Structures are given as C-alpha cells and as structure tokens.
Amino acid sequence: MKRIAYRFFLIVLLSVLAVEVFPVSAQEGSWFDEGNYDEEWLDKNFDNDVMIISTPEEFAAFGEYMTSSLWNYPNKTVRLAADMDMSAHKWITPVNEQFGSYFSGVFDGDGHKISGLTVVPAEEGEGYDYKRVVAGLFGTVRNAEIRDLTLDETCRVEVSGTYYFSFGDLDLEIGAIAAVGDESRFIRCVNRADVVVTSVIWGSETHETICSVSGIVAHADDMKLIGCSNEGHMTVDVHSDVVDIRVSGLVGRCGPVYGKENRIVSCTNRGNIFVSGNTSGSVSVGGISSNYSFRVDSCENHSVVKVNAHEGSAYVGGVSSASVGITYSFNKDSVICESDGFEVQVGGVCSYSFYNSSQTDSLYTCGNEGEIEVKSNGSMLSVGGVMGQNTDCPVVDCWNRGGLKIESSAPRSSSRWNAIYAGGLVGYCEEPVYNSYNRGNISLIDAHIDEEGSSQGSVGGLVGKAYKLLWNSYSTGDVCSDVAGVKVCRLSESNVHFCYYNSDAVIEGTEVGENGIAYSTAEMQSAGSGFLEALNNNATEGGASCRNWGYIPGENDGYPVHIDRIVDGVDSPADHSVGRVYAANGRLFVQSDRSMQLPVYKVTGQIVKIMNVVEGLNTDYLPCGVYVVAGQVVAVTAGNK
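Note that the coordinates shown come from a computational prediction; the quantities given were computed from them, not determined experimentally.

Q: So, the overall build of the chain: which residues are in play, and what are the values?
A: Looking only at helices and strands, one finds five helices and 72 strands in the chain. Every one of the 641 residues in the chain was classed for burial, and the buried ones make up 61%. Taking all contacts inside the chain whose residues are at least 6 apart in sequence as the whole, residues at least 24 apart take part in 79%. Here the chain displays about 23,000 Å² of accessible surface, and carbon together with sulfur accounts for 48% of that area.

Encoded structure:
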C-alpha cells in the first residue's frame with residue numbers, strides 16, 4: 001500500500017515537473033505513468049542474476065523502479081534482448097531525491113539500439129544546500145558498468161527553461177546516457193542522439209554554479225570510458241551571470257579526484273559541438289573531454305568544435321579542453337573560438353595542461369589536422385596547433401597540419417597590457433618540446449591596428465614563447481602578424497636547439513626573429529639533402545627517447561614523419577633499474593627504484609609510449625596487447641570492474 005501511494009505521489013510530481021519544463025508534444029505522458037510499464041517485470045526477474053528486457057514496457061519498468069525504490073540492481077546484470085522503440089512516451093530522467101537512487105549493476109545493451117527516446121530532465125534539491133537539474137537515460141550510475149548500448153539518431157535530449165537558486169550550489173548535469181557517473185565504466189557505448197540545452201540560469205556568486213553537457217556522461221568521477229563513441233550534435237546556449245560551462249562529446253565535468261583513475265581510451269567523437277555562453281564564468285569545451293582530470297589515450301575527434309563565449313574566459317581543444325596526459329590522440333576537424341573574456345586558450349589537441357603530481361604525463365604522439373580560428377577581445381591569448389598554453393606537460397612526437405587564423409580585437413592603449421602568444425605547436429610553453437613538427441600557416445591580425453598602444457607576446461612557427469628546450473623539430477608554415485609589439489619568429493624567439501625551418505616560407509611582422517637552421521622546400525622533401533639525416537642524428541638527444549624520422553610515400557606532402565621502428569641509440573629496456581612489471585585488471589604496473597622516462601615497446605619493436613616513472617609502484621592503462629617493458633614481457637588484457 002505504501003509503495004502504491006508513493007508511486008502515485010511521484011507520478012503526480014514528475015508529471016507536473018515535465019509540464020513546467022517542456023511544452024506539450026506529440027508524446028503523451030511518461031513511461032513511468034502506471035499502465036505504461038510492465039508492473040510484473042521486476043517480480044519475474046528479481047531472483048535472476050541476469051534480468052532480461054524484451055519490450056519497451058519492460059524497459060520502462062526497469063527505469064521506473066530506479067525512481068521509486070532504494071534498491072539499485074546490485075550484483076545484477078540487466079540485458080536487452082531486442083531493440084527498443086521508446087517513442088510512445090517521454091522518459092523522465094530516473095532520480096529519487098528521497099532515496100538518492102542510482103544504478104549499481106551491469107547494464108548490457110548486447111548490441112541492441114534504443115530509438116525514439118525523448119529524455120526529460122528532473123530536478124533535485126529545493127533546500128538551502130544545492131539544486132540539481134539532471135537529464136539522461138540514467139540519472140546516476142555508481143559502481144556500475146554500462147556496455148554495448150546504443151542510442152540512435154531518433155533519440156533526443158533537450159533542456160530549456162529558466163533555473164534559479166540563490167542559497168547554494170546549482171548544477172545542470174545533462175548527458176545522453178547518464179547525467180552522473182561515479183566509480184563506473186562505459187564500454188563500447190554509442191550515442192547518436194542530439195543534446196540541446198537552451199537555458200537561462202540564475203545562481204549565487206558565492207556558490208558553485210556549473211552546467212555540464214556530454215554525449216555519454218555529464219559529470220564523472222573515478223570513471224573509465226573504453227571504446228565509446230558520440231555521433232550526436234551538442235548544442236548549448238546558456239545565459240547566466242555566474243555559471244561555468246563544460247561541454248564535450250564524451251565527458252563533461254569531473255571533479256579534481258587526485259589519485260583516482262579517470263581514463264578515456266579508444267573513444268571517438270563525430271558530432272559537431274556548438275557552445276554559446278553569455279556568462280562571466282569559464283567555458284571549457286573539447287571534442288572528447290572538457291575537464292582536466294581525465295587521461296586520454298588513442299582517441300579522435302572528427303567534428304567541428306565551435307565556441308562563442310561572451311564575457312567568460314574560454315578554454316577550447318579539439319580533443320580535450322585540458323590535459324593531465326594525452327597519448328596517441330588526434331583532432332581531424334576545425335576548432336573555432338570567439339570570446340570577449342579576459343583569458344582565451346585554444347589548441348588543436350587541448351587548450352592547456354594541468355599539474356597533477358600523481359598523473360601528469362607527456363603529450364605524446366598527438367596531432368591536429370583541423371583549421372584553428374580564434375577571435376579574441378581579451379587581454380590574455382594563447383593559441384597553438386597542438387596546445388594553447390603548456391605549463392606542466394612535455395610535448396613529444398606531436399604535429400600540426402592545420403592553419404592558425406587569429407584576430408585580436410582587444411582595445412589598444414598605452415595604459416592597457418595585452419599578451420598574445422601563438423605557435424604552430426604551442427602558444428605559451430614552459431615545458432620541453434621534442435621531435436615534433438608544424439605544417440600550418442599562422443596569421444595574427446590586429447582589428448585595431450590604427451589605435452595607439454601595443455601588445456606584448458610572440459608568434460612562432462613552433463612555439464610562441466618557449467621557456468625550455470625546443471629540440472629536433474621543424475616548421476614549414478608562413479608566420480605573419482601585424483600586431484604592434486608582438487615578435488614574429490620562424491620557430492621561436494629562444495631556446496631553439498637543432499630545429500629547422502623552411503626558408504621558402506613567408507615571415508612578416510614589425511619585429512622578426514630567425515632562430516633555427518634553414519632548409520628549402522626541395523631540401524626538406526629530399527632524402528639526399530641532409531635534412532633527414534640531421535633529424536635522425538638528433539632524435540634521441542635532449543633527454544627524449546622517440547621514434548625515428550623517415551619519408552612515407554603519399555603522406556605529409558613529402559615531408560618527414562616518424563616511422564615505426566626503434567631508433568638506433570635508444571637505451572635497451574633491460575638497462576633500466578626496474579623491478580617487477582605485471583598487468584592486472586587492464587592496467588600495467590611497474591615497480592621502480594628511481595624516477596625516469598621508461599619506454600614501452602610492442603613485441604614487434606615499436607615504441608608505444610614513454611612512461612614517466614617515479615620511485616615506487618606506477619600504474620598506467622594500455623590497449624590490450626603484449627608489450628616489452630624494462631626487458632620483461634607482459635600481456636595486458638581487458639580488466640574486470
């Protein structure tokens with residue numbers, strides 16, 4: 001009787017909420033209204049370790065129980081046995097503020113798809129502490145695994161309206177598959193649903209106000225995403241005085257969970273991302289991730305990332321807005337940013353690096369092919385073909401093939417200080433860059449050239465401002481600027497060692513620097529000119545162990561690239577002082593007696609990555625395979641949750 005009474009109360013409450021948030025559409029009512037779900041499904045499956053869902057009504061029963069009970073499917077596997085057409089009714093995001101409901105089992109889509117799903121947001125928290133607006137197929141997953149699940153292109157997540165809360169934290173957590181994920185894994189999940197957020201948000205300046213939007217999971221802590229893909233478009237237009245905005249194809253926001261494993265492996269974004277934010281808060285957007293707590297490995301973005309940020313600072317990257325370590329990841333499409341905020345950082349792969357003593361790693365074997373376009377009215381501007389601002393992350397074996405078009409429209413006056421840094425690889429860089437190249441042209445335009453005053457900064461074919469070593473890298477692109485006070489350099493204004501530029505490229509500016517070694521286009525494209533020999537002779541100097549250089553027919557317009565073989569002179573793995581090396585639960589473990597850079601090899605001889613090893617036990621994720629580490633052969637297999 002109590003259960004029936006509570007269900008009736010919940011249905012009335014959620015129905016009222018749905019009417020307030022959304023206008024009435026062709027879909028009548030909620031899947032969780034009595035009569036729309038199979039009330040016998042749970043009783044029939046409760047004693048089974050594997051709970052089978054065969055009809056939309058059974059699927060609705062699964063979701064309804066997450067809104068009306070404390071029980072959260074622990075130690076259960078819920079499996080789809082057929083495709084689900086959910087077009088008959090709306091899906092109100094399963095939440096239950098009284099019980100703090102979440103899913104805590106294994107949800108196995110078994111390769112089936114969900115179609116026609118219209119996700120309606122739900123709200124939690126009307127007291128003085130917090131308020132949440134959540135949307136997703138799942139409200140929250142915790143200690144769970146979601147695998148082999150697909151939302152097709154007929155599904156949609158849409159959140160509109162005005163939200164106001166003045167006494168505590170206000171969160172909008174909008175994800176296609178889950179609003180919140182905690183200590184969970186998403187494996188081979190695909191989202192093709194568009195996610196649209198058009199809201200006005202009023203919060204308190206003394207509290208945290210965040211809007212997180214993503215194609216897989218909006219707010220994630222201690223999470224792993226493996227082999228997932230987003231193909232739905234993200235459209236976010238938020239107006240607020242105080243909100244911080246986090247948007248990406250795979251993962252939106254993540255708290256600073258130091259020491260925990262946040263990992264995105266072998267994931268792809270193919271949905272365009274457009275964000276417009278009229279906010280004084282920060283706007284962080286990435287194709288794969290929009291936070292600084294995830295390590296990204298073997299991921300790609302294939303769609304446009306575009307941001308219009310008014311007032312707030314903008315941090316935009318083709319792969320991620322920020323990095324604590326990105327390896328084997330690439331951006332294939334345009335990155336566009338227009339901002340009036342004080343600070344703007346934009347990169348083809350990521351906008352900036354973030355220091356985390358337990359996780360910091362190199363930006364290793366990453367590349368950008370997309371065009372980068374930036375218009376900024378702010379005082380601090382850093383733009384790079386690979387990374388905008390780099391303070392904590394060595395850049396190794398990276399490349400940029402996209403052009404950089406930058407327009408600075410900050411007011412010029414003798415009393416206002418502006419700093420502009422742009423580079424084919426990194427705009428502003430406090431860490432070393434090794435064995436990398438830029439093929440893109442760089443153009444910096446001053447929209448207020450006739451006004452008095454000037455900026456500070458520098459633009460370079462490799463790095464705008466370099467505080468540490470630039471080693472064995474090259475640039476072929478034009479570098480041009482008409483901004484007074486900004487130095488234009490072939491490569492960079494300082495710390496250039498054994499780096500090369502194309503003497504046929506154009507360099508123009510009010511102050512020009514030509515550090516580096518010149519080769520013509522013909523010489524750079526010829527194996528007999530000495531250019532390739534120079535790259536290979538210096539490839540292992542400067543403290544970096546990297547792959548060799550070579551020409552590959554039909555690739556990179558005839559310029560050298562890295563090739564998959566061990567470089568002559570690289571230390572043998574057996575030379576490193578490393579103890580036990582083993583794999584467990586999908587992770588590689590290395591016990592070391594000192595700090596070092598440790599190469600990880602495939603059994604066929606190619607270097608896979610460079611691990612930054614410290615004294616003690618180190619751990620890292622690798623794709624499944626057989627590797628040689630410190631002379632020891634180890635097999636990495638898919639791990640259990």
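Still more ground to cover, so stick around.
Q: So what about the sheet that holds strand E20 (residues 217-221)? Which residues, and what values?
A: Across a sheet, paired strands are connected by hydrogen bonds in the backbone, their directions being either parallel or antiparallel. Taken in spatial order, the four strands of this open sheet run E10-E15-E20-E25, and their pairing is parallel. The sheet is open, and its two edges are formed by strand E10 (138-142) and strand E25 (251-253), each paired on a single side. With strand direction ignored, the average angle separating the axes of adjacent strands in the sheet is 30°. Two elements, E20 and E25, share two bridges in a ladder whose sense is parallel. When the sheet's bridge partners are listed, His219 is paired in E25 with Arg253.

Q: So, unusual backbone geometry: which residues are in play, and what are the values?
A: A positive phi angle, close to 50°, is found at Tyr328, a residue other than glycine. In this fold, Tyr328 is placed in the loop between strand E35 (326-327) and strand E36 (330-331). Not every positive phi belongs to a glycine, and Thr365 is a case in point at roughly 55°.

Q: Kindly report on helix H3 (residues 56-68), identifying the contributing residues and their values.
A: Between its terminal C-alpha atoms H3 stretches 19 Å, which fits the 18 Å expected from 13 residues at 1.5 Å a residue. Burial analysis of H3 places twelve of its 13 residues in the buried class, the great majority of the element.

Q: Give a description of the environment of Glu40 that names residues and reports values.
A: Looking at the secondary structure, you find Glu40 in the loop between helix H1 (2-21) and helix H2 (41-45). Residue classification places Glu40 among the exposed residues on the basis of a relative accessible area of 53%. Expressed as a C-alpha distance, the spacing of Glu40 and Ala61, which sit 21 residues apart in the sequence, is 8.4 Å.

Q: Talk me through the pairing of strand E69 (residues 607-613); I want residue IDs and the actual numbers.
A: Looking down a regular strand, the side chains alternate between one sheet face and the other. Judged by how many residues are buried, E69 sits mostly within the fold: six of seven residues are covered. Pairing of strand E68 (residues 596-602) with E69, which is carried by six bridges, proceeds in the antiparallel orientation. Its bridge partner lying in E69, Met596 is registered against Val613.

Q: Tell me about a negative patch on the surface, residues and numbers included.
A: A cluster of acidic residues, Asp241, Glu311, Glu338 and Asp340, forms a negative patch at the surface. Here Asp241 shows up in the loop between strand E23 (234-240) and strand E24 (244-248). According to the relative accessible area criterion, Asp241 is partly exposed, its value standing at 48%.

Q: Please give an account of the nonpolar core that cites residues and values.
A: One finds Phe138, Phe186 and Leu225 to be the most contacted residues of the largest nonpolar core, which totals 132 residues. At six residues, the largest contribution of residues to this core is made by H3. Among residues more than four places away in sequence, those in contact with Leu225 are Phe186, Ile216, Val217, Leu250, Val251, Arg263, Ile264, Val265, Cys267 and Phe294. Ranked by size, the runner-up nonpolar core spans 24 residues in total, among them Tyr328, Val608, Val613 and Val634.

Q: Give me the pattern of salt bridges: which residues, what numbers.
A: Scanning all chains against the criterion turns up 21 salt bridges. Between Asp171 and Arg253 there is a salt bridge, and its shortest N-O distance comes to 3.2 Å. You can see Asp171 sitting in strand E14 (residues 169-175) and its partner Arg253 sitting in strand E25, a full 82 residues away along the chain. Residue Asp171 shares its accessibility class with Arg253, and that shared class is buried. Here Glu555 ties to Arg401 by a salt bridge, and the two come within 3.7 Å at their closest N and O atoms. Remark: Arg401 occurs in the loop between strand E46 (399-400) and strand E47 (404-408) and Glu555 occurs in the loop between strand E64 (548-550) and strand E65 (561-563); sequence separation between them is 154 residues. Residue classification places Glu555 among the partly exposed positions, given a relative accessible area of 31%. Residue classification places Arg401 among the partly exposed positions, given a relative accessible area of 26%. Residues joined in a network through salt bridges with shared partners are Arg79, Asp108, Glu145, Arg147 and Arg185.

Q: Can you break down the sheet that holds E69 residue by residue, with the values?
A: Taken in spatial order, the four strands of this open sheet run E69-E68-E71-E72, and their pairing is antiparallel. Each of the sheet's edge strands pairs with one partner strand only, and the pair in question is E69 and strand E72 (632-636). The mean angle between the axes of side-by-side strands here comes to 30°, regardless of whether they run parallel or antiparallel. When E68 meets strand E71 (residues 625-629), the two strands line up antiparallel, connected through three bridges. In the sheet register, Val600 faces E71, and the bridge partner there is Val629.

Q: Please give an account of the side chain of Ser229 that cites residues and values.
A: Position of Ser229 relative to the elements: it lies in strand E22 (residues 229-230). Residue Ser229 is classed as buried on the basis of its relative accessible area of 12%. Ser229 has contacts with Cys189, Val190, Asn191, Ile216, Leu250 and Thr268, leaving out every residue within four places of it along the chain.

Calculation notes
- Residues numbered from 1 in each chain as written.
- Predicted model: local features only at pLDDT ≥ 70, side-chain atom pairs only at ≥ 80, totals over all residues.
- Heavy atoms only, no water.
- Helix = DSSP H or I, 4+ residues; strand = E, 2+ residues; numbered from the N terminus.
- Buried < 20%, exposed > 50% of the residue type's maximum accessible area, 1.4 Å probe, protein only.
- Contact = heavy atoms within 4.5 Å.
- Areas by Shrake-Rupley, 256 points an atom, 1.4 Å probe, with all protein chains shown as cover.
- Pairing = 2+ DSSP bridges.
- Axes fitted to C-alpha atoms, helices over the stretch in contact; angles between N-to-C directions.
- Expected span 1.5 Å × (residues − 1).
- Patch = residues over 30% accessible without salt bridge, like charges linked within 9 Å, V, L, I, M, F, W, Y side chains within 5 Å.
- Salt bridge = Lys/Arg side-chain N within 4 Å of Asp/Glu carboxyl O.
- Lys, Arg positive; Asp, Glu negative; His and termini not counted.
- Charge placed at Lys NZ, Arg CZ, Asp CG, Glu CD.
- Core = buried A, V, L, I, M, F, W, Y, C linked by side-chain atoms within 4.5 Å.

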